[in-house]
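# Structural characterization, general
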Amino acid sequence: MSKSKNPLIAMVATAVMVGNQRVVIQPGQELPEIPEHDEKELVESGAALDVAAKAATDKAKQQEVQFAQQEFQRAREAAMAREASTAKPEAPLAATTDSGAGDDAAALKADTSNPAPDASADVQNPVSDAEAANSVAAATAKEATSKAAAAPKAKAGK
């Protein structure tokens, strides 16, 4: 018989021998004393729950989670400190004089006095390129036609 002081709770209906009689223990009820190897098999299969062992396991898991949270917090703080020490400083604010908002207005006027170049000026207009190509072709054709017309007159004059 088991000399365990830890009570086992049946998780499923469990048939055990008590004395010379077969007894079915319902889920949630405490199991009577049973041989140690039966106790071990019932716990490992999940048919019985060792309340004391579960409490110890739960406490150990809780401590493990708490330790992991503390470690995470330490690592997070260290990473934030590392990041803060290597971060580029923000741009310093522009120096101001005692005159206040007048300087801001002058700075704004100075910035708008030289507007940025129009980006569309750099882009070639495909329509105007086509028109230019047509006018060049037309001029070349006109020149070729006038030369061809002048050639027979030159031969006739000789």
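Nothing here was measured: the structure is a model prediction, and the numbers come from that model. (Residues numbered from 1 in each chain as written. Predicted model: local features only at pLDDT ≥ 70, side-chain atom pairs only at ≥ 80, totals over all residues. Heavy atoms only, no water.)

As a further point, take the overall build of the protein chain. Within the protein chain, the regular secondary structure consists of four helices and four strands. When the helices and strands of the protein chain are read in sequence order from the N terminus, they spell out β-β-β-α-β-α-α-α. Here the protein chain holds 158 residues, and 8% of them are scored as buried. Of the contacts made within the protein chain by residues no fewer than 6 positions apart, 43% connect residues no fewer than 24 positions apart. Looking at the protein chain as shown, the accessible area adds up to about 13,400 Å², and 58% of this sits on carbon and sulfur atoms. (Helix = DSSP H or I, 4+ residues; strand = E, 2+ residues; numbered from the N terminus. Buried < 20%, exposed > 50% of the residue type's maximum accessible area, 1.4 Å probe, protein only. Contact = heavy atoms within 4.5 Å. Areas by Shrake-Rupley, 256 points an atom, 1.4 Å probe, with all protein chains shown as cover.)

Time to look at the pattern of salt bridges. Where charged atoms from two side chains of opposite charge come close, those side chains can pair. One pass over the structure, following the stated rule, counts two salt bridges. Note that Lys 54 and Asp 58 form a salt bridge whose closest N and O atoms lie 3.2 Å from each other. Of the two residues, Lys 54 and Asp 58 both sit in helix 2 (residues 51-86), four residues apart, roughly one turn of that helix. Here Glu 71 and Arg 74 are joined by a salt bridge, their closest N and O atoms 2.6 Å apart. Of this pair, Glu 71 and Arg 74 both sit in helix 2, three residues apart, which is roughly one turn of that helix. (Salt bridge = Lys/Arg side-chain N within 4 Å of Asp/Glu carboxyl O.)

Turning our eyes to something else, we now look at the nonpolar core. In terms of nonpolar packing, the biggest core is built from nine residues, these being Leu 8, Ala 10, Val 16, Ile 25, Leu 31, Ile 34, Leu 42, Ala 47 and Ala 48. Setting aside residues up to four positions removed in sequence, Ala 10 forms contacts with Ile 25, Gln 26, Pro 27, Gly 28, Gln 29, Leu 31, Ala 47 and Ala 48. (Core = buried A, V, L, I, M, F, W, Y, C linked by side-chain atoms within 4.5 Å.)

Pairing between strand 2 (residues 14-18) and strand 3 (residues 21-25): five bridges, direction antiparallel. Directly across from Ala 15, in strand 3, lies its bridge partner Val 24. Two successive antiparallel strands, strand 2 and strand 3, enclose a turn made up of two residues, where Gly 19 displays a positive phi of approximately 70°. (Pairing = 2+ DSSP bridges.)

This part takes up the environment of Ser 45. In this fold, Ser 45 is placed in helix 1 (residues 36-45). Within the structure, Ser 45 has its side chain in polar contact with the backbone oxygen of Leu 42 (distance 3.1 Å). (Polar contact = N/O pair within 3.5 Å; in protein donor to acceptor, adjacent residues only side chain to side chain.)

What follows covers the confidence of the model for the protein chain. The predicted coordinates ought not to be read in detail in places where the model reports low pLDDT. Averaged over all residues, the pLDDT of the protein chain equals 73, while 54% of them reach at least 70. The lowest-confidence element of the protein chain is helix 3 (residues 101-113), averaging 55 in pLDDT; the highest-confidence one is helix 2, averaging 91. (pLDDT = per-residue confidence, 0-100.)

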